[in-house]
Amino acid sequence: MNAHESLEFAQTQVARASLDHCVKCTICETHCPVSAVTPKFTGPKFVGPQAERFRHGESVDHSLDYCSSCGACTLACPQGVNIAELNSQARAVMKADHMPLRDQLVSQTTLMGMAMTPVAPLANAALQVKPLRTVIEKVLGLHRDAPMPKANTQTITGWLKKRKKPVKAATRGPVVFFHGCAGGYFEVETSKKSIEVLEYLGYEVLVPKQGCCGLAQQSNGLFDGATDKVLKLCDELRSAGRDLTIISSSGSCTGMLKHEAHEIMGVDDSRLKDVGTRIRDIMEFLLELDEAGELPTDFAEIPLTAVYHAPCQLKSQGMGQPALEILKLIPGVEAVESEATCCGIAGTYGLKKEKYDIAQAVGRPLFDKIKRVNPEFAMCDTETCRWQIRKGSGAQVEHPIFLVHQAYGLS
Amino acid sequence: MTRVVVIGAGVAGLVAAIRLADGGARVALLNKGTGGLQLGQGTIDILGYSPDRVERPLEALQAFAQANPRHPYATLDAECVRAGTGYLQELLGPALLVGDPDVNLQLPTAAGAIRPTALVPPSMAAGGCVSGANFVIVGLRQLKDFYPELVAGNLARTDLPGGGRLSARAAMLDFPAREGEVDSNALTYARALDDPAYRRRFARAVKALVGEGETVGLPAVLGLDDHDAWTDIADQIGAPVFEIPLPPPSVPGLRLNRALTARAKTSGVRMVPGSKVTGFRASGGSVNSVQLAVAGGPRDFVADAFLLATGGFESGALHADSYHNVHESVFDLPLRIPQGHLVHGDYWGDPQPLFTLGVETEPSMLVRHPDGDAVYDNLYAAGGILAGATRWQEKSGEGIALASAVRAADSILATAASVATSQGAAS
């Protein structure tokens, strides 16, 4: 299936096969974080399986655009209706002929990293300048207070080139590491610590040159570009070696490869299937090792109570919250589950001028909980969520691998 | 440590998972979608009709089981039901559940019928339909699914189960849950009523409609996370208040579901929601693992014991094709299938035989072949998947679920303890 065909797929096939499984039980409605805070979004059942019956190419209900694609509805549905997927597809079709420039730009995550890294201090400073942000809001529709990533002076590729190679010989064979664009340019520390933990466990960590998974484009309805990106990424990850486990510290991008590219955009390609079945979220990978009795658990004590928030796009992978199980193994750590469905940002949703207030309202219970439990430190597996939660709570928010790294004595 | 996989997160799955984890097992709870608690009324039925209206459910249980020897209550006796409901009351506490398993309350429905049930949220307790009761039923103009004229009209013209009549009148309040929304659901109101300021305005508006000596019946939207919201409202109105359950989303059901889910997490249960169990491996008469179809492919969940708490037809645990061939969807277990036609044409007639279909168990809740031996030596079942009951007609669903969940959990823990003892003796 080529890129054009995926939009075609969305237009004609959608997730309609699951449509008639809807029994209108309202369970999805009770899980929606957006309709909980605004009447602008009428809820996943209305906009999804109900409105879908009235769609004939064109959408009858424009509140669809307020769906953040967090996937909580699909996860909660006992009848197997692909509600979030239906909505994402219908939105892509709805926006196809008048895609805002803003949505096309904001989804170019790799480009942003490439542009900002060489001029990191300057870029970081510029994004703090209020008048400049006001202009950006006026011209582009990106909210002036929306969280922005902090550019790094060093990329993960730069670090890998310069660092001392591990002295310990690999005893467990090679694995492939997928860092995602944010893990390559902005959240470089997470990638470094993930690689170091895997090497400590005895793996040889292969990091092929890699681009973006296309998730931001997909969630903005830009299926053509997203399909090209995800397949290119599959080629890159596959180039590191056949049948190797691929491990990622980028919670949401992993979901794009595991199921979203296929289920939302209809990408039906053996390369995607190969990568999608080999990839593991890093905490999922550690839990699998633990279940098999192969994870050293001689962790040093870390006296810490902190909120852990599993991103919506991690939960939608249907594997529970592996990080919670791993954090239980570290003496002294009490990870308090956030209980929040979503932090509000949902990729690029919360950056947008018209959705910023909704995204903040969605995230507020989470921010408040962090302020109550531990206002200094919290954990979350996806980069954009960390930016949102840092801004909303004021806490330092890091990937849970930070604690594993520390508990193994690596930091 | 014994490992247990529980499949299904309705009341049976949740309660069993908590009991197992508190009993020292390492528990994973797998569920495809949210369980059925929030689709129910948030009350605990034990036995409502046998087939006549039941006033003392536990007393009625023995005769009911004798008349229905294939019914789950034939092995789950009154003491077992008492243990199950008692355990739930212990887990939830009086802020969420009150009542006496020996006595049924007769509570109004959103259609103005009178429904027998045993344990109820305290916010419903004042709604008992007894002779001489004096109700004003208050509706909200912006809330669909609740029509006070229907409720009050039907209640007032009904000869009460205990004899006599009650008086009921209807009143309507124009009171949006949030600005700009003309059509809100129960949950939106419940969230709004968690806010003390909104609650104050709401109570003031309701108070203006209440006459001397009246008890106020309101749709079940009186707070979601704040379990004292309803008492606050009653205090501010200055009259007794009760909630009437609505069609889904059921706020009282959500409260129970949230409380039990949170309790399961506190007990250390690993929750894995959103994926379907699509296969299993078995050897030597035991189930070794189930396969969960997570994003990116199936993953094995290995355990020492497995508890099937997936429900019935409504959740997809049982599936009937167009020839009325019925299958259990996880393990393809042998089922007790009634003789003759599974569905008869008389809609208002006898219970449909189809719905008594399910798995049969030994008293330990180990799944067995109908009238035969255990299918596997470590596969148990609880709740709606059990054969022999027509739960909604009898109003027996939660009683069966709780009794079987507690018994299954205790059987699994007892087996684990005896294995540990024999291993200890051998070493």
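Caption draft 1: A look at the overall build of chain B. Counting its regular elements, chain B contains 10 helices and 20 strands. Against the globule reference of 22 Å for 427 residues, chain B gives a C-alpha radius of gyration of 23 Å, in line with a compact fold. Each of the three principal axes of chain B carries a C-alpha extent, and together these read 75 × 45 × 45 Å. Expressed as a percentage of the 427 residues in chain B, the buried residues total 55%. Within chain B, residue pairs in contact and separated by at least 24 positions form 65% of the contacts whose partners lie at least 6 positions apart. A total of about 17,000 Å² of accessible surface is found on chain B, and carbon and sulfur atoms cover 52% of it. Of the side chains in chain B, 34 bear a positive and 43 a negative charge, and the two mean positions are spaced by 5 Å.

Caption draft 2: Structural context of the overall build of chain A. Scanning chain A from terminus to terminus reveals 22 helices and 8 strands. With the C-alpha coordinates of chain A rotated into their principal frame, the extents come out at 60 × 50 × 40 Å. Counting over 411 residues, chain A shows a buried share of 62%. Approximately 16,000 Å² of chain A is accessible, and the part contributed by carbon and sulfur atoms is 55%. Treating the 45 positive side-chain charges of chain A as one cloud and the 47 negative ones as another, the clouds have centres 6 Å apart.

Caption draft 3: Main features of the interface of chain B and chain A. Listed by partner, the interface residues are 31 residues for chain B and 39 residues for chain A. Both sides together, the interface formed by chain B and chain A hides about 2,600 Å², and carbon and sulfur atoms give 45% of it. Among the residues chain B hides against chain A, the three largest losses belong to Arg178, Arg270 and Arg299 of chain B. Together they make up 21% of the total. In this assembly, chain B and chain A are joined by 6 salt bridges. The closest approach of N and O atoms between Arg26 of chain B and Glu291 of chain A, which form a salt bridge, is 3.3 Å. Run the count over chain B and chain A and you get 14 residue pairs in polar contact (both at pLDDT 80 or more). Among the elements of the structure, helix 5 (186-193), helix 8 (251-266), strand 11 (270-273) and strand 13 (286-294) of chain B are those that each provide at least two residues to the side of chain B that touches chain A. Of the residues forming the side of chain B that touches chain A, the biggest block, 4 residues, is contributed by strand 11 of chain B. Looking at side-chain class alone, the side of chain B that touches chain A contains 11 nonpolar, 9 polar and 11 charged residues.

Caption draft 4: Just the sheet that holds strand 6 (residues 333-337) of chain A, in detail. All names here are of chain A. The 4 strands lie next to each other as 6-5-7-8, forming an open sheet whose pairing is parallel. Two strands in the sheet have a free side with no partner beyond their single neighbour: strand 6 and strand 8 (396-398). Across the sheet, the axes of successive neighbouring strands diverge by a mean angle of 30 degrees, strand direction being ignored. Summarising the sheet, strand 5 (residues 304-309) and strand 7 (residues 377-380) pair through 3 bridges and their orientation is parallel. Counterpart to Val307 in the pairing with strand 7 is Ala378. Running over the sheet, helix 20 (residues 356-373) touches strand 5, strand 6 and strand 7 and is turned about 175 degrees from strand 5. Strand contacts of helix 21 (residues 383-393): strand 5, strand 7 and strand 8, with the helix running at about 160 degrees to strand 8, the strand carrying the most contacts.

Caption draft 5: Molecular detail of the confidence of the model for chain B. For chain B, per-residue confidence averages 96 on the pLDDT scale, and residues scoring 70 or more make up 100% of the total. Listed scores for the predicted complex are pTM 0.96 and ipTM 0.94.

Caption draft 6: How the structure looks around helix 21 of chain A. All names here are of chain A. Summarising burial for helix 21: 8 of the 11 residues are buried, a large majority. Summarising the contacts, the buried residues of helix 21 are in contact with helix 11 (180-185), helix 12 (188-200), strand 5, helix 20, strand 7 and strand 8. After helix 21 finishes, the residue Gly394 shows a positive phi value of roughly 80 degrees.

Caption draft 7: The arrangement of the sheet that holds strand 11 of chain B in detail. Residues and elements named next belong to chain B. What the 5 strands build is an open sheet, ordered 11-2-1-15-20; its pairing is parallel. Looking along the sheet, the strands with just one partner apiece sit at the ends: strand 11 and strand 20 (379-381). If you compare each strand with its neighbour and ignore which way they point, the axes differ by 20 degrees on average. Relative to strand 11, strand 2 (residues 26-31) runs parallel, the two sharing 4 bridges. The residue of strand 11 that forms the bridge with Ala28 is Arg270. Against the sheet, helix 1 (residues 11-22) engages strand 1 (3-7), strand 2, strand 11 and strand 15 (305-308), with an angle of about 165 degrees to strand 2.

Caption draft 8: Geometry of the pattern of salt bridges. All names here are of chain A. Scanning the model with the defined rule gives 49 salt bridges over all chains in all. Residues Lys232 and Glu236 are paired through a salt bridge, measuring 3.1 Å at the closest nitrogen-oxygen approach. With Lys232 and Glu236 both in helix 14 (residues 223-238), this residue pair falls 4 residues apart, about one helical turn. The closest approach of N and O atoms between Arg238 and Asp274, which form a salt bridge, is 2.7 Å. Of this pair, Arg238 sits in helix 14 while Asp274 sits in helix 16 (residues 270-278), placing them 36 residues apart in sequence. For Arg238, a relative accessible area of 32% puts it in the partly exposed group. Look at the salt bridges and you will find they share partners, linking Asp65, Lys95, Arg102, Asp103, Lys352, Glu354 and Lys355 into a network.

Caption draft 9: Quick look at the packing of helix 3 (residues 44-52) of chain A against helix 5 (residues 83-95) of chain A. All names here are of chain A. The N-to-C vectors of helix 3 and helix 5 enclose an angle of 70 degrees; their axes lie 9 Å apart at closest approach. Between helix 3 and helix 5, the crossing angle belongs to the class labelled roughly perpendicular. Touching Pro44, Val47, Gly48, Pro49 and Glu52 of helix 3 are Ile83, Leu86, Asn87 and Ala90, all from helix 5. For the contact of helix 3 with helix 5, a count of residues per class yields 6 nonpolar, 2 polar and 1 charged.

Caption draft 10: Region of interest: the packing of aromatic side chains. In total, this model carries 12 aromatic pairs over all chains according to the counting rule given. Geometrically, the ring pair formed by Phe135 of chain B and Phe242 of chain B is tilted, given 4.7 Å between the ring centres and 55 degrees between the ring planes. With a gap of 107 residues between them, Phe135 of chain B in strand 7 (residues 134-140) and Phe242 of chain B in strand 10 (residues 241-244) connect regions that are remote in the sequence. Judged by its relative accessible area of 0%, Phe242 of chain B falls in the buried class. Taken together, a centroid distance of 5.3 Å and an interplanar angle of 65 degrees make the contact between Phe175 of chain B and Tyr198 of chain B edge-to-face. Taken together, the positions of Phe175 of chain B in the loop between strand 8 (167-173) and helix 5 and Tyr198 of chain B in helix 6 (residues 196-207) put the pair 23 residues apart, joining distant regions of the chain. With respect to burial, Phe175 of chain B and Tyr198 of chain B carry one shared label: buried. It is Lys45 of chain A that lies over the ring of Phe46 of chain A; its NZ or CZ is 4.6 Å from the centre. The lysine or arginine in question, Lys355 of chain A, covers the ring of Tyr66 of chain A, its NZ or CZ lying 5.6 Å from the ring centre.

Definitions and cut-offs
Residues numbered from 1 in each chain as written. Chains lettered and ligands numbered in written order. Predicted model: local features only at pLDDT ≥ 70, side-chain atom pairs only at ≥ 80, totals over all residues. Heavy atoms only, no water. Helix = DSSP H or I, 4+ residues; strand = E, 2+ residues; numbered from the N terminus. Rg over C-alpha atoms; globule rule 2.2 N^0.38 Å. Buried < 20%, exposed > 50% of the residue type's maximum accessible area, 1.4 Å probe, protein only. Contact = heavy atoms within 4.5 Å. Areas by Shrake-Rupley, 256 points an atom, 1.4 Å probe, with all protein chains shown as cover. Lys, Arg positive; Asp, Glu negative; His and termini not counted. Charge placed at Lys NZ, Arg CZ, Asp CG, Glu CD. Buried area = accessible area lost by both parts, 1.4 Å probe. Salt bridge = Lys/Arg side-chain N within 4 Å of Asp/Glu carboxyl O. Polar contact = N/O pair within 3.5 Å; in protein donor to acceptor, adjacent residues only side chain to side chain. Nonpolar A, V, L, I, M, F, W, Y, C, P; charged D, E, K, R; others polar. Pairing = 2+ DSSP bridges. Axes fitted to C-alpha atoms, helices over the stretch in contact; angles between N-to-C directions. pLDDT = per-residue confidence, 0-100. Parallel < 35°, antiparallel > 145°, perpendicular 65-115°, else oblique. Phe/Tyr/Trp six-rings, centres within 6.5 Å; stacked < 30°, edge-to-face > 60°. Lys NZ or Arg CZ within 6 Å of the ring centre and 35° of its normal.

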